[in-house]
Each structure stands twice: as structure tokens, then as C-alpha cells.
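Reading the structure
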Amino acid sequence: MANQTGAIVQQSLNALMGDSSFLPQIQDQRREQVFQSLAAILSTPNKVHKAFLRIALDNGNVERIPAFRIQHNDALGPYKGGIRFHESVNEDEVTNLAALMTLKNALHEVPFGGGKGGVVVNPRSYSEKELYSICKKYVQYFSDVLGPDKDIPAPDMGTGDREMDWMMAEYKSINPGSPYLGSFTGKSIVSGGSLGRREATGKGVYFTFRYMMHDFLNENIGWLSGSTNIFAETALAYKDKPLSLAVQGFGNVGSVTAMEAYKCTALRGKVVAVSDRNVTLYNEEGLDIPSLVEYAATHRGDLPSTDGELHEIGVSAAVLDREDVLYLNVDVLFLAALEDQIRGDNVGQINARMIVEGANAPITGDADEALASSGAIIIPDILANAGGVIVSYFEWLQGRETQFYTEEEVYKQLFAKMQKTMNGILPAYFGDPLSLRQNCFVHAVTKLSTVLYRQGKLY
Ligand code: GLU
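Sequence order as written defines residue numbering, which begins from 1 separately in each chain. Only residues with pLDDT of at least 70 get local features here, since the model is predicted, and only at 80 or more are side-chain atom pairs given and counted; chain-wide, interface and lining totals rely on the full set of residues. Note: side-chain values were computed over all heavy atoms of the structure, leaving out hydrogens and water.

1. Things to note about the overall build of the protein
Per the convention used, a helix needs a DSSP run of H or I reaching at least four residues, while a strand needs a run of E reaching at least two, with both numbered from the N terminus. When helices and strands are counted, the protein shows 16 helices and 12 strands. Relative to the globule expectation of 23 Å for 459 residues, the C-alpha radius of gyration of the protein, 22 Å, shows essentially globular dimensions. When its C-alpha atoms are laid out on the principal axes, the protein stretches across 70 × 65 × 45 Å. Here the protein holds 459 residues, and 56% of them are scored as buried. Between two residues, a contact is recorded if the distance between any of their heavy atoms is within 4.5 Å. Here the contacts in the protein between residues at least 6 apart in sequence split such that 70% fall between residues at least 24 apart. Only the protein chains shown count as cover for residues, and the accessible areas themselves come from Shrake-Rupley with a 1.4 Å probe. With an accessible surface of roughly 18,900 Å², the protein has 49% of that area assigned to carbon and sulfur atoms. Positive and negative side-chain charges of the protein, numbering 41 and 54 respectively, have mean locations separated by a distance of 7 Å. Using C-alpha atoms as the atom set, the radius of gyration is obtained and then compared with a globule rule of 2.2 Å times the number of residues to the power 0.38. Three labels apply to residues, based on accessible area from a 1.4 Å probe with only protein chains included: buried if under 20% of the type maximum, exposed if over 50%, partly exposed otherwise in between. When charges are tallied, Lys and Arg are placed among the positive residues and Asp and Glu among the negative ones, while His and the ends of the chain are skipped. Lysine's charge is taken at NZ, arginine's at CZ, aspartate's at CG and glutamate's at CD.

Okay, structure coming up:
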């Protein structure tokens, strides 16, 4: 996966190099030099920080836990990106995710660079006290490189507002007298978090899909109906049809996405399947999402996994294997679990013609190409799941001002920002042969390249 982002960045650079309207004043050998310089900057992180956190376990043993903070690029502002707690975390993965943050922020005009953190732990195997000490140690080890104007972490897989509150408190005690509200985002409301931050990623994920398939299609139906573009054909084939939707992952992103889809009146869609780390639940008539959300909230985030548990809450669904969600005969698949879910070896079994990436990097490069060349619409991670970092930016702003927005204001600004990005991308997407991912990358790389050039960095 590590090279996947790099490969698409390189493709985007090649496209830009051949585009005579991009930096027209730079020609010939100098142009080659500039693009080489760009490739070198964007393909490697600025800094890699690694530590082994020393943690005293409840049983008295001491463990050394590998942890990373990778700062990819800060051309557009302080480094920004989540910290994930997962047993499979490794340097390559965190580096790739940090690069995706640089591109995501550039794409949506969020004035931040890109970074990512990771700790190699399965948070479910540690007590609350042990997790507290992991969070404190993380800030202690990396305190020199973190801060509201240097690098601002946020939640990611396996972390949430509890961890951000602990980390901000530790940052505050290490840096007495310094501003601290903007040091971490994704905090709880009482600790200076933003209303709507928890739901922001899932809401944004569904918004991108609804906006494309409803608002944008309706407003542009005139020229789109005459288009021979393969992606426009796919979109038009599903316009005004009742859609079946499946959601992989029922955490912070998937459960909110499923709820948004369930409530949506603009599209005639039915959520027929949801899944988590244990099961897939399927009902072709549509699932009772509110009851499942309520169940998960009181069962450590897990869905009911037996007929008995489903019966108790009055939900009717077939219980399938957790992987089955990927292969159902549905129109739309939301991937809101882990990375590398659709790969070369299983892409042939995917039936959905529209896929939305709620998670980061859930489709590998080879699978992505196979799907896109068949005309499948893939709304990529950097476009679809940016709601989290966009509202993180609002949280950071609110922390500076110590003035807080209403929930309504947060969502209004979030959707306006995502809509603006989409309006800048979708007309090109439905009119050229590039995939939506390639279009988004070209857009983000253009922004980064222009700034780097203007600032004299491309020598
Ligand atoms: N971890 C989230 C992401 O991958 C949010 C990052 C943030 O809010 O800084 O986009």
C-alpha cells in the first residue's frame, strides 16, 4: 500500500508536466528539474519520528510499545492527521496515510499539511488505565514536535475523544502557559471539542455520495445526458432508481454513514447490509439502522451477532460472515472499516458499481484500476472522508477564538466546503477519462506544486 499514493502522485505529476497551462513560464530542462524536485518532495515524508513507549501494565510488567509520528509535508500549514491504535500499525502504512493527509487537506483547501501517528497496540487488550498511560507517554515522547502551530493530531482508527482529552491535558502540563486548545482536535465538547466532530466523517461520506448522485446529476442533467463518458453513463444508469446500499464497518464512520443513508429522503435508497469485525447483517427490505446503532452504543460498538440478539431488539436480518458484505448484490458499497479490503484477488467478486471510501485506502491500486476501467464510480478517501479533518479545522479555529459554533453552523460550513470541492472536480470527472481519484490527486498536486513553486522550493 505504501507505494500506492506515490504511484498516483507520480501519474498526476506526469499529467501536469504535459499540461501547457501549468507553470507555462517553466520550459525544457528547467521544467524537468522542477518536476523532479516535486516528485522528490511529495514522495517522501519530511520527518519520521519513532519511539518505544515504556508502559507499566496493571500486572506489574513493563512493555515497550512502538509508536510513530510521521510528518509528511507542511507547505500548506502545520502538519495535521490522526493517531491510530492498531496492532498492524507500521512505518510504511503511517507514511502512506500521512501523505494522504497532505493531499486531502490540499484538495479541500484546509490550511494544514499532512501527518499521521500510530501506536502498535490492540486497544481492546489494554485496560483504561494502561491506555491512559500510553496516551500520556505518546505526548511525552513526541512533545517537541507537536503543538497548535506545528503538528495537530486527531482521532483515527482505535482512538476517540477520550484519548484526545488525555493527550491534550498532557500537552498542557508539559507546556504550561502556552495555548493548548488547538494542540489536539477531536476532543470532547467539555474539553474544547467542536459540536459535530464525532459525526463529521460519516456525515461527509454520505454527503459526497448524495451530492454527486442527486444534486449534481439533477443540476447538470442537460450536458450529462449527451455525454459518452463511462462514469457519466454509470451515474445516469442509477439516477432515480431505488438503490440498495451496504456499509462495511459500524464504527464512528460506518454507523453514522448508515444512519445518514437511512434518513436520506433525496435518494430512494435502502441500507440492506451492515457489517463489523464479527458479522454482516443483511435484509433485502432494508435494515432498522436506528435500533442497530442503539444496540452497538451499549455493546462496546459491536452489532448483534446471533438470531437471539437480533430477536431481542426486534430487528430482522440474516446473519452472514463479516466478509460477505463486500460481495453482496448491491448498487452501492460504503467501505468504512480497514485498508486493503478490495484487492486484486477479490475484485472480481465485487458487484457494486458505486463504491465510497469512508476508510483510508480500502482499495488497492490494482483493484482500483480494474474497477475504474470498467466504469465503476469510486468516490476516493481524500474526497469522501475529509469531513473529519474539515471539522477538526473548525475545532482548531474555535479553540483559537474560544468562540464556539452551533451544531447547525458546523454542518452548514462542512457541507459548503465539501460541495465547493466537488463542484471543482465533478465536471472534469464526467468529461474526461481519468478516474475520480486521479482527478482529485491532480487537483491537490496542482495546489501543492503551485505553492511550492511560488515559495521557491523547487530548485
Ligand atoms: N483521522 C482522520 C483522517 O484520516 C481525521 C484527521 C484529523 O481530523 O486531523 O482524515
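Now that the structure has been shown, we can carry on.
2. With respect to the nonpolar core
Soluble globular proteins tend to bury their nonpolar side chains together. Among the nonpolar cores identified, the biggest contains 96 residues, and Phe 209, Val 274, Leu 292 and Phe 430 are the most heavily contacted of them. Looking at this core, the element that brings in the most residues is helix H6 (residues 197-219), giving 10 residues. Residues contacting Phe 209, with those up to four places away along its chain left out, are Leu 243, Leu 267, Val 332, Phe 334, Met 354, Val 356 and Ile 379. The set of buried Ala, Val, Leu, Ile, Met, Phe, Trp, Tyr and Cys residues whose side-chain atoms join them within 4.5 Å is what this entry labels a nonpolar core.

3. A few points about helix H10 (residues 289-297)
Of the residues making up H10, those classed as buried are Ile 289, Ser 291, Leu 292, Tyr 295 and Ala 296. Here the buried residues of H10 occupy an arc of 160 degrees about the axis, which is enough to place them on one side. In H10, the exposed positions that point more than 90 degrees away from the buried face belong to Glu 294 and Ala 297. Picture the helix axis, draw a direction to every C-beta atom, and the arc is the one those directions span.

4. A short note on the packing of H6 against helix H14 (residues 387-401)
In this analysis, axes come from line fits to C-alpha atoms, helices being fitted only over the stretch in contact, and the angle between any two N-to-C directions falls in the range 0 to 180 degrees. It is at 7 Å that the axes of H6 and H14 come closest, and there the two elements cross at 145 degrees. Crossing angle aside, the handedness with which H6 passes H14 is right-handed. From H6, Arg 197, Ala 200 and Thr 201 reach across to H14, where they touch Gly 387, Gly 388, Val 391, Ser 392 and Glu 395. Side-chain classes are defined by residue name, with Ala, Val, Leu, Ile, Met, Phe, Trp, Tyr, Cys and Pro counting as nonpolar, Asp, Glu, Lys and Arg as charged, and the others, Gly among them, as polar. Split by residue class, the contact of H6 with H14 holds 2 nonpolar, 4 polar and 2 charged. Left-handed describes a crossing in which the near helix is turned anticlockwise from the far one by less than a right angle; the clockwise case is right-handed.

5. Digging into the sheet that holds strand E10 (residues 332-335)
In space, the 7 strands of this open sheet follow the order E9-E8-E7-E6-E10-E11-E12, with mixed pairing throughout. If you trace the sheet from one side to the other, it starts and ends with strand E9 (318-321) and strand E12 (377-379), each paired once. Within the sheet, the average angular offset between the axes of one strand and its neighbour, ignoring direction, is 20 degrees. Two strands pair under a simple rule: DSSP has to find at least two bridges between them. Alignment of strand E6 (residues 243-248) against E10, held across 4 bridges, turns out to be parallel. Looking at the pairing, Val 247 lines up with Phe 334 of E10. Of the strands in this sheet, E6, strand E7 (269-275) and E10 touch helix H9 (residues 254-263), which is tilted by about 160 degrees from E7.

6. Digging into helix H5 (residues 161-174)
Counted at 1.5 Å a residue, the expected span for H5 with its 14 residues is 20 Å, and the 20 Å between its end C-alpha atoms agrees. For H5, the complete set of buried residues consists of Glu 163, Met 164, Asp 165, Trp 166, Met 167, Met 168, Glu 170 and Tyr 171. Looking at the packing, one finds that the buried side of H5 touches strand E3 (79-85), helix H4 (128-142) and strand E5 (151-155). Each helix should span, by expectation, one fewer than its residue count multiplied by 1.5 Å.

7. Some thoughts on the pattern of salt bridges
Oppositely charged side chains can pair when the atoms bearing their charge come close. Between Lys or Arg on one side and Asp or Glu on the other, a salt bridge is scored when a side-chain nitrogen of the former is within 4 Å of a carboxyl oxygen of the latter. Enumeration over the complete set of coordinates arrives at 21 salt bridges. Close ionic contact of Glu 170 with Lys 136 constitutes a salt bridge, the shortest N to O distance being 3.7 Å. Within this pair, whereas Glu 170 is found in helix H5, its partner Lys 136 is found in helix H4, the two being separated by 34 residues in sequence. By relative accessible area, which is 9% here, Glu 170 ends up buried. According to the relative accessible area criterion, Lys 136 is partly exposed, its value standing at 25%. The residue Glu 395 makes a salt bridge to Lys 187 at a minimum N-O spacing of 2.8 Å. In this pair, Glu 395 is assigned in helix H14 and Lys 187 in the loop between H5 and H6, connecting sequence segments 208 residues apart. The same class applies to Glu 395 and to Lys 187, which are both buried. Each of Arg 84, Glu 93, Lys 116, Asp 156 and Glu 339 takes part in salt bridges that share partners, so that together they form one network.

All we've got here are geometric facts, nothing functional implied.
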